[in-house]
Protein chains: 2
Amino acid sequence: MELITIKDIAKALNLSTSTVSRALRGSYEINPDTKKLVIEYAEKYNYRPNPIALSLKENKSRSIGVIVPEIDNPFFSQVINGIEAISYNRGYHVVIFQSHESFERESINLKHIASRRVDGLLISLAGETNDISQLKELHEKGMPIVLFDRVSDEINTHKVISDNFEGAFTATEHLIREGRRRIAHITASPYLSITKERVKGYIAALNKYEIPVDKAMIKYSNYSSENMELIIDELLSETNPPDGILTVSDRLALGCLATLKTKNITIPEQISIVGFTNLKAASMLEPALTTVVQPSLQMGQRSAELLLDLIERKSSSIPTTYQTFKLYTELIIRDSSIVSI
Amino acid sequence: MELITIKDIAKALNLSTSTVSRALRGSYEINPDTKKLVIEYAEKYNYRPNPIALSLKENKSRSIGVIVPEIDNPFFSQVINGIEAISYNRGYHVVIFQSHESFERESINLKHIASRRVDGLLISLAGETNDISQLKELHEKGMPIVLFDRVSDEINTHKVISDNFEGAFTATEHLIREGRRRIAHITASPYLSITKERVKGYIAALNKYEIPVDKAMIKYSNYSSENMELIIDELLSETNPPDGILTVSDRLALGCLATLKTKNITIPEQISIVGFTNLKAASMLEPALTTVVQPSLQMGQRSAELLLDLIERKSSSIPTTYQTFKLYTELIIRDSSIVSI
DNA sequence: TTGTACGCGTTATCAA
DNA sequence: TTGATAACGCGTACAA
């Protein structure tokens, strides 16, 4: 990559580097002829300013870091899609990090990011993460941060989430209106904000219809099929087994469906399922899977916009009031033969 | 992000920046006491070397660029997962770009990358791309490049692909052994290497069983459902409609299944389908979908390893022989009640 | 209108 | 053992 520098141009044209710089930068005080000369030479030899030199000079990289639990997860890859779209339009690069749901790995990623190189950070917390002091510290040191989806009350910055309470409430209510009375809830790590909100929504719906809440019906699962099998076995061996299940995330919903199929449980006759998911294709294939679709693309777009605003506002030091933006989920009922709300 | 610099340490400790640098870097000629002093101060104030300054100095960024058609595509997000895993372990950052299957967008991304800031490039070509002169130019200027999945004969560098010929051959053969004789092939952009190889494999399988090849049975599709509907209509309105379909990619396979369902075509009774896919969860749900699973994670890992080797070898200027690495696909037959091979 | 000098943070070279 | 200086590429304040 032997690229030409401003110095090369200056030497070739017998000018000073500053004159070349001015000519390229379109500054005012410059002889039109000189300017033309420089620009033509630059074009001819395909001059590109070295972004790293600029970064060093301006102390900003025009790139943002994104930490997600897993890239290879339809929800997050859609979010990243949205982030990339906005960032691209505003001239920023996107640097990807994965926490793999691990607190330690997230912590290492934060350390990398702390040594700057990115102008801001978008993060969705790992399932293991129970302590966000490192993130707070980074924020207090001045790093613009926006949290999305899996957020924390303990940090005061912009947050973009979907309405998990409402989503879980509506989904549970849908099951109840279908006639289900014994509804299980299989969800993710109990540390996560999304989990807490969804459990609240689930319980609120049960309360509304005066259905007793049974803790044994609430299961926290990781994404392994062994764990799902264990959970399903536990649920089915209850004296009073469930007739409906509310799952969250593509993996849990699909894993649950697949496990039930291997056990020859018919859906929705024996058990009805609602899942939070973004795998529209998959839900097309499985008519029994009513889904709560999350606004993943918008979440990425909104988060990126907010972060870039923060980054660019920072220089003009306008004080910012942090807000939490809640995006709406959408309940899509696949099997209209059963019920509709 | 007011981080401490080497200069700050020097000032605070009444030393020169070079001494501090040496102490931190663990160089030899240094007084143990001074060294200890510096290191302790650095730790206390959480000193981190500025990676951008290092990049400028060493003229390398320790980051690699990745251009994919769409992040939000299970195949590519899995590839990126593999890339990220390897890069992380070897101390490189991953910067993501999307071409959205557009030649123009790919071209703009290449321009960004050409102005260095990344030490190497991993790319899977856009569906529209028919001219890779820009990529070749970049490569000739010294940028280490590895192509994966959607490659081109016109450029001489490492390539990592899956065995698309074999995959399509085996899949087609599977349909033939199931008793299908009129097999359609719905595939992606005709420009793509993967498309060409798959069509070859499909034709080779038909030839082996002396089944005539009918061009009307080969359809090039984009990912829109309108286009899929059109194609299915065309196929079904043939005097001799297909009794089997070979699709490629998750979207085409799922789109095809969904469209057939809306037309009340039963699967596999009326039409049997084989799809290249990575949506294992989705294929779990649809027993009729026999799939050719592509080694996406390995593809990402292998590509990243090769690229990083190229980057690090470059400095020692060992001549490199470029190779094409072919990874094996795996045929997974979901509906064992029909046939097995 | 153009050139000189400096600084961004770091390391390597050379002198002390 | 340590310090001063140059260099990476760029932009800009200041001098000419």
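Here is what the cut-offs are and how they apply
- Starting from 1, residues in each chain are numbered consecutively following that chain's sequence as written.
- Key to labels: chains lettered from A, ligands numbered from 1, both in the order written.
- In keeping with the predicted nature of the model, local features appear solely for residues at pLDDT of at least 70, side-chain atom pairs appear and are counted solely at 80 or more, and the whole-chain, interface and lining totals rest on all residues.
- For side-chain calculations, the full set of non-hydrogen atoms in the structure is used, while hydrogens and water are omitted.
- Strands are runs of DSSP state E lasting at least 2 residues, helices are runs of H or I lasting at least 4, and numbering of each runs from the N terminus.
- Burial classification: accessible surface area is computed with a 1.4 Å probe over protein chains only, and a residue below 20% of its type maximum counts as buried, one above 50% as exposed, and the rest as partly exposed.
- In what follows, a contact means two residues having at least one pair of non-hydrogen atoms within 4.5 Å.
- For every accessible area listed, the method is Shrake-Rupley and the probe measures 1.4 Å; residues are considered covered only by the protein chains on display.
- When charges are counted, Lys and Arg are positive and Asp and Glu negative, with His and the chain ends excluded.
- Just so you know, the charge point we use is NZ for Lys, CZ for Arg, CG for Asp and CD for Glu.
- By this rule the span expected of a helix is its residue count minus one, scaled by 1.5 Å.
- The arc in question is the one traced by the directions running from the helix axis out to the C-beta atoms.
- Think of a polar contact as two N or O atoms within 3.5 Å of one another; within protein, one of them needs to be a possible hydrogen donor and the other a possible acceptor, and neighboring residues in sequence only count if both atoms come from side chains.
- Residues are counted as near a molecule or strand when any one of their heavy atoms sits within 4 Å of it.
- Amino acids are sorted into nonpolar (Ala, Val, Leu, Ile, Met, Phe, Trp, Tyr, Cys and Pro), charged (Asp, Glu, Lys and Arg) and polar (every other residue, Gly among them).
- Summed over both partners, the accessible area (1.4 Å probe) lost when two parts come together is defined as the buried area.
- The term salt bridge refers to a pairing of a side-chain nitrogen on Lys or Arg with a carboxyl oxygen on Asp or Glu at a separation within 4 Å.
- By convention a nonpolar core is built from buried Ala, Val, Leu, Ile, Met, Phe, Trp, Tyr and Cys residues, the set being connected through side-chain atoms within 4.5 Å.
- At least two DSSP bridges between two strands are needed for those strands to be called paired.
- Here an angle of 0 to 180 degrees is reported between the N-to-C directions of two axes, which are lines fitted to C-alpha atoms, with helices fitted over the stretch in contact.
- Here the term right-handed applies to a crossover when the path leading from its first strand over the helix to its second strand runs clockwise, the strands being oriented away from the viewer.

Chemist: Give a detailed account of the overall build of chain A, specifying residues and quantitative values.
Modeler: Looking only at helices and strands, chain A has 13 helices and 12 strands in total. Projected onto the principal axes, the alpha-carbon positions of chain A cover approximately 90 × 40 × 35 Å. Counting every position in chain A, which comprises 341 residues, the buried fraction comes to 56%. Of the contacts made within chain A by residues no fewer than 6 positions apart, 70% connect residues no fewer than 24 positions apart. For chain A, the accessible surface area stands at approximately 15,000 Å², while carbon and sulfur atoms represent 49% of it. Placing the 39 positive and 42 negative side-chain charges of chain A at their respective mean positions leaves the two points 7 Å apart.

Chemist: Just give me the short version of helix α3 (residues 32–44) of chain A, but keep the residues and values in it.
Modeler: Residue and element names in this part refer to chain A. With 13 residues, α3 extends 18 Å from end C-alpha to end C-alpha; this agrees with the ideal 18 Å at 1.5 Å per step. All of the buried residues in α3 are T34, V38 and A42. Summarising the axial view, the buried residues of α3 lie within an arc of 65°, below the 170-degree limit, and thus occupy one face. Facing away from the buried surface of α3 by more than 90 degrees, the exposed residues are P32, D33, K36, E43 and K44. For α3, the elements touching its buried residues are α1 (6–13) and α2 (17–25). One side-chain oxygen of the residue at the start of α3 lies 2.7 Å from the amide nitrogen of D33, identifying that residue as N31. Just past α3, the residue N46 takes up positive phi, approximately 55°.

Chemist: I'd like a description of the protein's contact with DNA strand C, backed by residues and values.
Modeler: Residues in contact with DNA strand C amount to 26 residues; listed here are only the nearest, S18, T19 and T34 of chain A together with R25 and Y47 of chain B. Counted by atom, the contact set of DNA strand C within 4 Å of the protein is 58% sugar and phosphate. At a separation of 2.9 Å, a phosphate oxygen of DNA strand C approaches a polar backbone atom of N31 of chain A. A distance of 2.6 Å separates a phosphate oxygen of DNA strand C from a polar side-chain atom of R25 of chain B. Contributing elements (two or more residues each) for the surface near DNA strand C: α2 and α4 (51–58) of chain A together with α1 (6–13), α2 (17–25) and α4 (51–58) of chain B. With 4 residues, the single largest contributor to the surface near DNA strand C is α2 of chain B. Considered class by class, the residues forming the surface near DNA strand C number 8 nonpolar, 10 polar and 8 charged.

Chemist: Summarise the interface of chain B and chain A; cite the residues concerned and give the values.
Modeler: Size of an interface: often given as the accessible area lost when the parts come together. Across the boundary between the two partners, chain B contributes 50 residues, which contact 50 residues of chain A. Taken together, the two surfaces of chain B and chain A that pack against each other cover about 5,400 Å², and 60% of this comes from carbon and sulfur. For E84 of chain A, the salt bridge is made with R105 of chain B, and the minimal N-O distance between the two is 3.6 Å. For the interface between chain B and chain A, the tally reads 8 residue pairs in polar contact (both at pLDDT 80 or more). Listing elements by their share of the side of chain B that touches chain A, those giving two or more residues are α4, α5 (74–89), β2 (93–98), α6 (103–114), α11 (250–262) and α12 (280–285) of chain B.

Chemist: Give a detailed account of the nonpolar core, specifying residues and quantitative values.
Modeler: In terms of nonpolar packing, the biggest core is built from 52 residues, with I64 and L122 of chain A together with I64 and L122 of chain B touching the most fellow members. With near-sequence residues (within four places) excluded, L122 of chain B lies in contact with I64, G65, V66, I67, I83, V146, F148, S303, A304 and L307 of chain B. V118, L125 and I132 of chain A together with L138 of chain B belong to the second largest nonpolar core, which has 38 residues in total.

Chemist: Give a detailed account of the protein's contact with DNA strand D, specifying residues and quantitative values.
Modeler: Looking at DNA strand D, there are 26 residues lining it, with I6, R25 and Y47 of chain A together with T19 and T34 of chain B nearest. Looking at DNA strand D alone, sugar and phosphate atoms form 57% of those within 4 Å of the protein. A distance of 2.7 Å is found between a phosphate oxygen of DNA strand D and a side-chain nitrogen or oxygen belonging to Y47 of chain A. Sorting the residues of the surface near DNA strand D by element identifies α1, α2 and α4 of chain A together with α2 and α4 of chain B as the ones contributing at least two each. Examining the composition of the surface near DNA strand D, we find that 4 residues originate from one element, α2 of chain A, more than from any other. When the residues that make up the surface near DNA strand D are grouped by side-chain class, the tally is 8 nonpolar, 10 polar and 8 charged.

Chemist: Pulling in residues and values, what's your account of the sheet that holds strand β7 (residues 218–220) of chain B?
Modeler: Residue and element names in this part refer to chain B. Spatially, β7-β6-β8-β9-β10-β12 is the arrangement adopted by the 6 strands of the open sheet, whose pairing is mixed. Unpaired on one side and paired on the other, β7 and β12 (330–332) mark the two borders of the sheet. Each strand of the sheet is rotated relative to its neighbour by a mean of 15°, with strand direction disregarded. Sheet analysis places strand β8 (residues 244–247) next to strand β9 (residues 272–277), joined by 4 bridges and oriented parallel. By the bridge assignment for β9, T247 is matched with G275.

Chemist: Give me the pairing of strand β1 (residues 63–68) of chain B: which residues, what numbers.
Modeler: Residues and elements named next belong to chain B. Burial within β1 is extensive, with 6 of its 6 residues counted as buried. The two faces of β1 match: S63, G65 and I67 on one face and I64, V66 and V68 on the other face are all buried. Pairing of β1 with β2, which is carried by 6 bridges, proceeds in the parallel orientation. Paired with S63 across the two strands is H93, which belongs to β2. As a crossover connection, the stretch from β1 through α5 into β2 is right-handed.

Chemist: Please set out the sheet that holds strand β4 (residues 145–148) of chain B residue by residue, giving values where relevant.
Modeler: Pairing in this open sheet of 12 strands is mixed, and the strands run β11(A)-β5(A)-β4(A)-β3(A)-β1(A)-β2(A)-β2(B)-β1(B)-β3(B)-β4(B)-β5(B)-β11(B) from one edge to the other. Edge positions in the open sheet fall to β11 (324–327) of chain A together with β11 (324–327) of chain B, since each of these has one partner strand only. On average, each strand axis in the sheet is inclined to that of its neighbour by 20°, with strand direction left out of account. Helix α5 (residues 74–89) of chain A contacts β1 (63–68), β2 (93–98), β3 (120–123) and β4 (145–148) of chain A together with β2 of chain B of the sheet and is inclined by roughly 170° relative to β1 of chain A. The sheet strands contacting α6 of chain B are β2 of chain A together with β1, β2 and β3 (120–123) of chain B, and the helix crosses β2 of chain B at an angle near 150°.

Chemist: So what's going on with unusual backbone geometry? Which residues, and what values?
Modeler: Of note, the bond from I267 of chain B into P268 of chain B is cis; its omega dihedral lies within 30 degrees of zero at 5°. Considering the arrangement of structural elements, one finds P268 of chain B in the loop between α11 and β9. Of note, the phi angle at N14 of chain A is positive, near 55°, even though the residue is not glycine. By the element assignment, N14 of chain A lies in the loop between α1 and α2. Taking the relative accessible area as the measure of exposure, N14 of chain A reaches 73% and is therefore exposed. Here the phi dihedral of E101 of chain A falls at roughly 65°; this positive angle occurs in a residue that is not glycine. Looking at the element boundaries, E101 of chain A is found in the loop between β2 and α6 (103–114). Owing to a relative accessible area of 15%, E101 of chain A belongs among the buried residues under this scheme.

Function cannot be read off these values alone, since they describe shape.
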